[in-house]
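Here are the chains, one letter per residue:
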Amino acid sequence: MNLAIRDIRYHRGRFILTSIGLGLLLGVVISMGGIYRGLFADALAILNSTKADIWVVQQNTNGPFAESSRIPEDITYRIRSVPGVSEASPLSFQTIQIDKGAKPFRFFLIGYDLNGFGGPPEIISGRGIGQKHYEMVVAASMGMAIGEKIHLGLHDYTVVGITGKVVSSGGDPVAYVTLADAQDIQFKKDNDAIRNDRERIGANLDALQSLSPGQAKYLKQNMSAITESTHTVNTIVARLAPGANLPEVQARINRWNHFRPLSVEEQTKILTKGMIEKARMQLGLFRAILLVISAVIIALIIYTSTLDKIKVIATLKLIGSQNRVIVGMILQQSLLMGIIAYGIGYGLILLTYEKFPRRIVLEDVDLQVLFIIVIIICTISSFVGIRKALKVEPAEALGG
Amino acid sequence: MDDCRYAIEVENLTKIYGKGGSTVIALSGASIQVKPGELVAILGPSGSGKTTLLTSIGLINEPTHGRVVIDGTVVADEGWLPGIDLKRLRREKLGFIFQAHNLIPFLTARENVMIALEINQLSRGEAKARATELLGVLNLGHRMDNYPSSLSGGEAQRVAIARALANKPKVILADEPTAALDTENGKNVMILLKKLALENHSAILVVTHDHRMVDGFDRIFHVNDGHVNTES
Ligand SMILES: Nc1ncnc2c1ncn2[C@@H]1O[C@H](COP(=O)(O)OP(=O)(O)O)[C@@H](O)[C@H]1O
Ligand SMILES: [Mg+2]
């Protein structure tokens, strides 16, 4: 006969309430682990979905995610010509915040070359971007429908497709437009400003007496081309040909002196070590504190429930019960409470994790480790009760 | 079987509670012998040492001096015999009945009897069958699945008796088993104990301070201020 279960059955109301309370606590612990994994997954989402081998960024920067990086778009051609590189494609990144309804709405806009790569990893409904301008593919989490329009910079962009769950390293949903559109939006000088610039340059050049009118005209054209140039990108991603040597390709790009070719490994390190390390430590600290609280609660519950059972324990000893019967009752009760609370916490998170504002990633290994920790906590916590129980004298059963 | 062998032998038992300046001599030089199948009463006023005698025989209260022999096994000789397994002796040879019924509140009547059998290595099925049979004999067939809180005092005490009898112990020790019951129920419990002593050939030692309850006992010991006197 299992005394632990009999006792729980008799006091089920109390037991269920306690387990739910502990379950909520463990649910928070599980979700914090999930949030950390989510941060990790979010931080690497664009890096992983791009499937590039090299990220070429501005020299001396940790761009394009951790720091700003600007490089000329036409370096793409130079990178393509490096031996070992099979393809290269420019990408532009920007965070945009607009007012959608009453609330400010943030998203991460990626501009990519329609003929290159780095665009939406998958289209779950609608289609990909088919023309050079004013079309947009958005992540499902943006909550936009196909055909919906959004005003960015000087133009309206129409949603033509929905991609799966891609987020920026900050957790904002991602939207895709063509590189040209992204550059337009990024450098959205309005037409008046451009006209003013052009006129100011023209006037300055005209004022230079040393130039012939022909030279002035030529210069005027070039200068305005430069001032209006938006041909800057944040990174150029490259893929290697099979069998190519990554360090060799990196060394070659390094030799140009103006760019930094980051491998995926280096980029991962920048994103995880630099950007989410603090969050990880913070979450780890909270988890540890909550686990300590759970341990204290379990120990207290087991201790008080042992105190409630002093008479029962004394009676059991009186009629000759072996110590293992008594130790087993207390230990099993503690373990059952832990296991049921864990189940409740896990169930709760399983039902709700998709509704969390940040991504929660439930890794089996995290769940297993937590389960083992809970078992260890329950075992250790039950010691205080067991210690008390072993000291009970059978004669204590005699008192009225 | 040796007919002269006693179920309980107590020789020169002295129990001193406390140490140093504040000691209480609860028993001094008590000697009793009880044969198997004998129904014996221990009478005496409150504080005279009756419970001390019973718990010393019951292996839950270490005697200061003297010998205690249970069913031929020496258990105490100037203190517990070294290495003696008191728990095992308790579960195999002794049955306890107390003033308060001491049933486990979260077990049903039947489970309260079963637990005594299961800790004595009976299988669950055997324990259930024996508990059911015993409770039936004690007219508790209809209360088997009730928790102690929903039993009357007399019913609870009968369940406690069933638990004490479960392992067919050589010795049954009852400390004021009728104190919490009305006269009617008290008498019934005593009649029951008498019947069981005969049937099971167990030695039954009943402590009481109520003279009216000891009709038909084989022998009565009187305890007074730690001294035991025999009387027929
Ligand atoms: N655990 C104890 N510690 C100290 N004194 C005790 C203890 N138990 C009993 N006594 C004392 O021993 C004497 C006998 O007690 P007890 O055997 O309980 O008597 P009875 O059962 O006849 O009322 C009393 O004076 C009582 O106060
Ligand atoms: Mg007493």
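Rules of the game
Residues numbered from 1 in each chain as written. Chains lettered and ligands numbered in written order. Predicted model: local features only at pLDDT ≥ 70, side-chain atom pairs only at ≥ 80, totals over all residues. Heavy atoms only, no water. Helix = DSSP H or I, 4+ residues; strand = E, 2+ residues; numbered from the N terminus. Buried < 20%, exposed > 50% of the residue type's maximum accessible area, 1.4 Å probe, protein only. Contact = heavy atoms within 4.5 Å. Areas by Shrake-Rupley, 256 points an atom, 1.4 Å probe, with all protein chains shown as cover. Lys, Arg positive; Asp, Glu negative; His and termini not counted. Charge placed at Lys NZ, Arg CZ, Asp CG, Glu CD. Phe/Tyr/Trp six-rings, centres within 6.5 Å; stacked < 30°, edge-to-face > 60°. Lys NZ or Arg CZ within 6 Å of the ring centre and 35° of its normal. Pairing = 2+ DSSP bridges. Domains from an automatic or database assignment. Buried area = accessible area lost by both parts, 1.4 Å probe. Polar contact = N/O pair within 3.5 Å; in protein donor to acceptor, adjacent residues only side chain to side chain. Nonpolar A, V, L, I, M, F, W, Y, C, P; charged D, E, K, R; others polar.

What follows concerns the overall build of chain A. Helices and strands together make up the secondary structure of chain A, namely 12 helices and 12 strands. Each principal axis of the C-alpha distribution contributes one length, and for chain A these read about 120 × 50 × 40 Å. Taken over 400 residues, chain A has a buried fraction of 44%. Of the contacts formed within chain A by residues at least 6 apart in sequence, a portion of 76% connects residues at least 24 apart. Of the roughly 19900 Å² of accessible surface on chain A, 57% is carried by carbon and sulfur atoms. With 42 positive and 33 negative side-chain charges, chain A shows a separation of 9 Å between the mean positions of the two kinds.

The next point concerns the packing of aromatic side chains. Applying the stated criterion across every chain yields a total of 12 aromatic pairs over all chains. Aromatic side chains A:Tyr10 and B:Tyr147 sit 4.7 Å apart centroid to centroid with 55 degrees between the ring planes, which places their arrangement in the tilted category. Of this pair, A:Tyr10 sits in helix 1 (residues 3–10) while B:Tyr147 sits in the loop between helix 4 (124–137) and helix 5 (153–165), placing the two residues on different chains. Judged by relative accessible area, which is 22%, B:Tyr147 ranks as partly exposed. Three or more aromatic residues joined by ring pairs make a cluster, and in this case those are A:Trp55, A:Phe65, A:Phe93 and A:Phe108. For the cation-ring pair, A:Arg78 lies above A:Trp256, with the distance from its terminal atom to the ring centre recorded as 4.3 Å. Above the face of the A:Phe117 ring, A:Arg239 is positioned so that its terminal group lies 3.7 Å from the ring centre.

On to the pairing of strand 1 (residues 8–17) of chain B, then. All names here are of chain B. Relative to strand 2 (residues 24–34), strand 1 runs antiparallel, the two sharing seven bridges. Along strand 2, the bridge assignment pairs Val 10 with Ile 32. Hairpin remark: strand 1 followed by strand 2, antiparallel, with six residues in the connecting loop; positive phi at Gly 18, about 80 degrees. Here five bridges tie strand 1 to strand 4 (residues 65–70), and the two strands are oriented antiparallel to one another. Paired with Thr 14 across the two strands is His 65, which belongs to strand 4.

Moving on, we come to the side chain of B:Arg110. Positionally, B:Arg110 belongs in helix 3 (residues 109–118). If sequence neighbours within four positions are ignored, B:Arg110 has contacts with B:Lys128, B:Ala131, B:Thr132, B:Leu135, B:Met144 and B:Asp145.

This next bit is on the domain arrangement of chain A. Residue and element names in this part refer to chain A. Split into domains, chain A comes out as domain 1 (3–42 + 277–398) and domain 2 (44–274). Averaged C-alpha coordinates put domain 1 and domain 2 at centres separated by 51 Å. Taken together, the contacts link six residues of domain 1 with 11 residues of domain 2. Overall, the association of domain 1 and domain 2 removes approximately 710 Å² of surface from exposure, summing both partners, and the carbon and sulfur fraction of that is 46%. Across the contact surface, domain 1 and domain 2 share seven residue pairs in polar contact (both at pLDDT 80 or more). The greatest single-element share of the side of domain 1 that touches domain 2, amounting to three residues, is contributed by helix 2 (residues 12–50). Of the residues belonging to the side of domain 1 that touches domain 2, the class tally is two nonpolar, no polar and four charged.

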